[in-house]
Amino acid sequence: MTTPKATPFPTVRTPRGDVPADAPRWNPQRPSAMPHDRYRPARERVTLPLADGQEGTPAGRSWPARELTRAPLWVPVDLRDGNQALAEPMDTPRKRRMFDLLVAMGFKEIEVGYPSASRTDFDFVRHLAREGAVPDDVTVSVFTPARHDLIDRTVESLEGLPRTLVHLYTPTAPTWRDVVLGRSRAEVRRLVEDAAEHLARRVEERRGDATRFEFSPEVFNLTEPDFVLELCDSLTELWDASPDRPVTHNLPATVEIATPNVYADQIEYMHRHLARRDSVILSVHPHNDRGTGVACAELAVLAGAQRVEGCLFGNGERTGNVDLVTLALNLYAQGVDPMVDFSDIDTVRETVEHCNRIPVHPRHPYGGTLVHTAFSGTHQDAIAKGLAHHAARAEELGVPAARAPWSVPYLPVDPGDIGRTYEEVIRVNSQSGKGGVAHLLRTHHGLDLPQGMRPDFSAAVQEVADATGRELSHKELSDLFRATYLDPAGDGPVTLTAWQAAEPAPGEHHFTCTLRKDGRERSCRGVGDGPLAAFTEALRGAGLDADILDYAEHATATGPGSPAVAYARCRVDGVTRWGAGQDTSVLTAAVRAVLSGVNRCAGTRGRTSTER
């Protein structure tokens with residue numbers, strides 16, 4: 001019988017060229033064999049606006065000095081651009097569920113479809129009209145290419161809708177003009193103006209002034225700035241834009257090709273040079289090909305953009321559209337009202353996942369299932385201390401914790417503000433530490449472990465986590481605590497079959513008991529300045545040289561009859577162990593804690609502890 005050969009791991013080509021002569025000694029990276037010379041930087045692909053300090057710039061770059069202090073107009077395009085990127089486009093029930101979510105969240109302009117592209121999209125726009133689903137203050141946007149027949153179909157779909165916007169687009173970048181359209185700049189301008197004029201005429205015939213217009217020079221970021229300006233100004237005039245009926249010029253980074261500062265420079269150039277600027281809503285539509293869509297949008301708003309198109313959680317072609325959840329909650333984390341509601345982020349995520357049939361990544365900013373979760377011990381300890389400090393600070397200010405200023409390590413926003421529970425914040429696996437373990441026991445089970453006990457129990461937790469290779473729930477932590485510290489009080493080499501404590505005189509305590517040790521019962525008695533001191537004296541009478549080194553106790557809940565828990569660090573014959581006891585009687589809990597510590601010192605329990 002031939003033993004099959006193991007399949008080797010796939011190999012990659014390790015860079016093997018010479019280290020560049022000008023590289024510092026601390027950087028030994030070598031050139032790769034990848035043909036990077038096939039690609040051109042942005043500065044060679046498009047004429048870029050002059051930046052601050054460059055000769056000929058009219059006023060210099062000003063956006064870096066600005067701050068984001070208010071939300072732009074958010075326009076979700078999940079139902080059009082996002083829908084076009086789905087392997088299984090949404091049907092009317094899923095589109096309606098998404099639309100209703102967007103309305104409920106407070107979006108006031110929503111792109112709902114591409115009516116000329118499919119019967120499904122056309123029917124959905126008609127569904128919204130028939131059902132009266134659009135609130136009076138919400139504008140419905142629809143998308144159309146610059147073709148007469150498609151424009152006609154688009155305008156037809158809007159019958160009966162109160163507030164609408166028609167979004168006209170055509171590619172304008174050189175590569176698209178040459179390869180896709182086969183037209184010159186002049187021919188593209190004539191195409192756009194002809195389509196815009198036809199659109200205005202059809203809208204006037206059917207809808208009067210109930211419809212506004214939007215124009216997107218597709219692949220704006222790769223188009224010559226002067227050509228974009230020429231096209232936009234032409235349509236501003238053709239559509240007779242005014243402050244009361246502004247035109248939207250939407251400038252998409254259709255395919256990201258440069259760092260976000262370049263896009264910001266391009267937007268600022270347009271912001272400064274657009275004609276009739278008070279009659280223009282300057283909009284952006286960043287994609288995420290370089291993974292910087294969010295940064296592009298934020299810098300674009302600094303540069304003068306007033307409107308942002310994107311998708312909830314960033315769904316879209318290739319690497320996606322800009323992520324509106326992240327953008328809005330980034331503002332929120334800076335103390336700026338996002339003007340849309342994410343107070344139930346889980347419902348938002350679950351709805352989007354249902355409609356798109358695409359899961360949201362668990363580490364997605366703000367909305368992922370694990371984004372507010374810490375497994376690392378150092379993170380857990382800092383978060384636990386931060387939450388305790390926050391609660392104390394709220395009490396000092398005399399306000400509810402949910403209204404107190406937020407400043408907790410590793411949590412940029414309060415999870416409670418977006419509908420998440422604190423159960424998700426700290427979770428325990430083999431990477432976790434004593435602070436996180438203690439936090440979960442305190443939060444879920446009322447056990448406030450003494451500082452000195454936390455490393456001891458953390459060692460027990462890590463042993464189990466390492467052995468199982470999985471996360472431990474707070475119930476499993478409670479069960480492990482019971483097995484490690486509470487159970488040894490009644491299951492060990494030393495047990496109490498009966499005991500009694502008394503104080504015949506102030507400061508004089510007696511402890512009498514029947515004690516079973518090594519299978520034999522004996523009566524013991526001790527005297528001390530407290531009941532536990534008297535107990536340890538009684539233990540010495542049974543041959544156990546026991547001392548109590550640390551002790552703590554507390555109630556696990558409020559109100560009469562609430563259980564008490566006691567913790568005792570005991571030393572017997574040079575061996576030191578923690579024990580714990582629990583009972584409605586504080587004294588009984590204390591006695592059990594000492595007995596647990598004594599039994600763990602005897603070696604039959606607590607083998608995970610390293611404390612001596």
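The structure presented is a predicted model; accordingly, all values stated were derived computationally and were not measured.

Draft legend 1. Here's a closer look at the UniProt feature "binding site: Mg(2+)" (unreviewed entry) in the protein chain. According to UniProt, the feature "binding site: Mg(2+)" (unreviewed entry) maps to D81, H285, H287 and N321 in the numbering used here. Look at the named residues: they lie 241 residues apart in sequence, but the longest C-alpha span between them is just 10.8 Å, so in the fold they bunch up. You can see H285 is positioned in strand 7 (residues 280-286). Since its relative accessible area comes to 4%, H285 is described here as buried. Among residues more than four places away in sequence, those in contact with H285 are V77, R80, D81, N250, L251, P252, A253, Y263, E309 and N321. Within the local environment of H285, its side chain forms a polar contact with the side chain of D81, the two groups lying 2.9 Å apart. Mapped onto the elements of the fold, H287 is located in the loop between strand 7 and helix 10 (293-302). Beyond its immediate chain neighbours, meaning those up to four positions away, H287 contacts D81, A253, T254, E256, G293, E317, R318, G320 and N321.

Draft legend 2. Focus on the sheet that holds strand 13 (residues 564-572). Taking strand neighbours across the sheet as the criterion, the three strands line up as 12-13-14 in an open arrangement whose pairing is antiparallel. Edge positions in the sheet fall to strand 12 (546-555) and strand 14 (575-583), since each of these pairs with one other strand and no more. Averaged over all adjacent pairs, the angle separating strand axes in this sheet is 15°, with direction ignored. The pairing of strand 13 with strand 14 spans nine bridges and is antiparallel. Among the inter-strand pairings, C570 is bridged to a residue of strand 14, identified as R577.

Draft legend 3. Broad picture of the pairing of strand 10 (residues 508-517). Pairing between strand 9 (residues 494-505) and strand 10: nine bridges, direction antiparallel. Considered in strand 10, the bridge of Q500 is made with T512. In textbook terms, the turn of a hairpin is the stretch between consecutive antiparallel strands, and for strand 9 and strand 10 this stretch comprises two residues, one of which, G507, has a positive phi near 80°. Linking strand 10 to strand 11 (residues 520-528), which pair antiparallel, is a turn of two residues; within it D518 sits at a positive phi near 55°.

Draft legend 4. Seen up close, the packing of helix 10 against helix 11 (residues 324-332). Two numbers describe how helix 10 lies on helix 11: the axes approach to 10 Å, and their chain directions differ by 55°. Our classification of the angle between helix 10 and helix 11 gives oblique. In this structure, the crossing between helix 10 and helix 11 has a hand that is right-handed. Between helix 10 and helix 11, the contacting residues are V294, A297 and E298 on the first element and T326, L327 and N330 on the second. Here the contact of helix 10 with helix 11 is composed, by residue class, of three nonpolar, two polar and one charged.

Draft legend 5. How the structure looks around the UniProt feature "domain: Pyruvate carboxyltransferase" (unreviewed entry) in the protein chain. Mapped onto this structure's residue numbering, the UniProt feature "domain: Pyruvate carboxyltransferase" (unreviewed entry) falls at residues 72-346. A helix fraction of 45% and a strand fraction of 18% characterise residues 72-346, whose end C-alpha atoms lie 24 Å from each other.

Draft legend 6. A look at unusual backbone geometry. A positive phi angle, near 50°, is found at D240, a position not held by glycine. Along the chain, D240 falls in the loop between helix 8 (225-238) and strand 6 (247-253). The class of D240 is exposed, set by a relative accessible area of 55%.

Draft legend 7. Highlighting the packing of helix 3 (residues 92-105) against helix 12 (residues 345-356). Two elements in contact, helix 3 and helix 12, have axes whose closest approach is 9 Å; the angle formed by their N-to-C orientations is 155°. In terms of their interaxial angle, helix 3 and helix 12 are classed as roughly antiparallel. Relative to helix 12, the crossing made by helix 3 is left-handed. For the pair helix 3 and helix 12, contact is made by R94, R97, M98, L101 and M105 and by V348, T351, V352, H354, C355 and N356, respectively.

Draft legend 8. Inspection of the environment of R393 at higher detail. Topologically, R393 is positioned in helix 13 (residues 377-397). The spatial distance from the C-alpha of R393 to the C-alpha of W406 is 9.8 Å, given a sequence separation of 13 residues.

Draft legend 9. Region of interest: helix 17 (residues 531-541). Residues L532, A534, F535, T536, A538 and L539 constitute the buried set of helix 17. Those residues of helix 17 that are buried are in contact with strand 9, strand 10, strand 11, strand 12 and helix 18 (586-601). Trailing helix 17 by a residue or two, G543 shows a phi angle of about 90°, which is positive.

Draft legend 10. Expanded view of the environment of V155. Tracing the sequence through the fold places V155 in helix 5 (residues 148-157). Assessed through its relative accessible area of 1%, V155 is described here as buried. When the C-alpha atoms of V155 and V527 are compared, they prove to be 96 Å apart, with 372 residues separating the residues in sequence. Beyond its immediate chain neighbours, meaning those up to four positions away, V155 contacts L199, R202, V203 and R206.

Draft legend 11. Expanded view of the nonpolar core. Counting residues in each nonpolar core, the largest one holds 87 residues, and the members touching the most others are W74, V112, I267, L312 and F342. Filtering out sequence-adjacent residues up to four positions away, F342 remains in contact with M105, L312, L324, V325, A328, L329, D417 and I418. In this structure, V494, C524, L532 and V598 belong to the second largest nonpolar core, which totals 26 residues.

Draft legend 12. Local environment of the sheet that holds strand 9. Across the sheet, which stays open at both edges, the three strands sit in the order 9-10-11 with antiparallel pairing between neighbours. Either end of the sheet is taken by a strand with one partner, and the two such strands are strand 9 and strand 11. In this sheet, adjacent strand axes meet at a mean angle of 15° when their direction is disregarded. The pairing of strand 10 with strand 11 spans nine bridges and is classified as antiparallel. If you follow C513 over to strand 11, its bridge partner there is C524. Strands strand 9, strand 10 and strand 11 of the sheet are contacted by helix 17, whose axis makes an angle of about 135° with strand 11. Of the strands in this sheet, strand 9 and strand 10 are in contact with helix 18, which crosses strand 9 at around 135°.

Calculation criteria
Residues numbered from 1 in each chain as written. Predicted model: local features only at pLDDT ≥ 70, side-chain atom pairs only at ≥ 80, totals over all residues. Heavy atoms only, no water. UniProt positions renumbered as here; feature names shortened; annotations may be inferred. Helix = DSSP H or I, 4+ residues; strand = E, 2+ residues; numbered from the N terminus. Buried < 20%, exposed > 50% of the residue type's maximum accessible area, 1.4 Å probe, protein only. Contact = heavy atoms within 4.5 Å. Polar contact = N/O pair within 3.5 Å; in protein donor to acceptor, adjacent residues only side chain to side chain. Pairing = 2+ DSSP bridges. Axes fitted to C-alpha atoms, helices over the stretch in contact; angles between N-to-C directions. Parallel < 35°, antiparallel > 145°, perpendicular 65-115°, else oblique. Left-handed = near helix turned anticlockwise from the far one by under 90°. Nonpolar A, V, L, I, M, F, W, Y, C, P; charged D, E, K, R; others polar. Core = buried A, V, L, I, M, F, W, Y, C linked by side-chain atoms within 4.5 Å.

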